[in-house]
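# Per-entry structural report
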Amino acid sequence: MASGASESYPHFLVFCSGYRMRIGSSTDKKDSGRIHVDFAQARDDLYEWECKQRLLAREERHRRKIHEEHLRPPSPPPIEHYSEHEAALLADKLKGEQP
């Protein structure tokens, strides 16, 4: 399917498949015939359309997630965890600073 064409074209063409048509008012066999739609091509178009829809949905989810992250308040700073030894050294240092 050509780029920029409406996604409804394959559905319309499948609907029209099997109809007889003629060119102008001529009744010659060379100027008339039956419309045939290559269903494999229509399936390929449908697959491409579905891929495009999934891509657009992913992009929208990403934009929404980024927007929600900007609205979220910042996280508090991480809490430092001290080993028993580090805690004892810090306690001794704080005791030594007191008058």
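Preceding this paragraph is the structure being described.
Keep in mind that what you see is a predicted model, and the values were worked out from it rather than measured.

## Here's the deal with the overall build of the protein
Helix and strand content of the protein: 3 helices and 2 strands. Put simply, the protein runs from its N terminus to its C terminus through helices and strands in the order α-β-β-α-α. Across the 99 residues that make up the protein, the buried fraction comes to 6%. In the protein, the proportion of contacts linking residues at least 24 apart, taken out of those at least 6 apart, comes to 25%. In the structure as shown, the protein presents an accessible area of about 9300 Å², 58% of it carried by carbon and sulfur atoms.

## What about the pattern of salt bridges?
Applying the stated criterion across every chain yields a total of 2 salt bridges. A salt bridge links E60 to R64; the nearest nitrogen and oxygen atoms lie 3.9 Å apart. With a gap of 4 residues between them, E60 and R64 both fall in helix α2 (residues 39-71), about one helical turn apart. Looking at R64, the relative accessible area reads 43%, which means it is partly exposed. Residues joined by salt bridges that share partners form a network here, namely E60, R63 and R64.

What counts as what
- Residues numbered from 1 in each chain as written.
- Predicted model: local features only at pLDDT ≥ 70, side-chain atom pairs only at ≥ 80, totals over all residues.
- Heavy atoms only, no water.
- Helix = DSSP H or I, 4+ residues; strand = E, 2+ residues; numbered from the N terminus.
- Buried < 20%, exposed > 50% of the residue type's maximum accessible area, 1.4 Å probe, protein only.
- Contact = heavy atoms within 4.5 Å.
- Areas by Shrake-Rupley, 256 points an atom, 1.4 Å probe, with all protein chains shown as cover.
- Salt bridge = Lys/Arg side-chain N within 4 Å of Asp/Glu carboxyl O.

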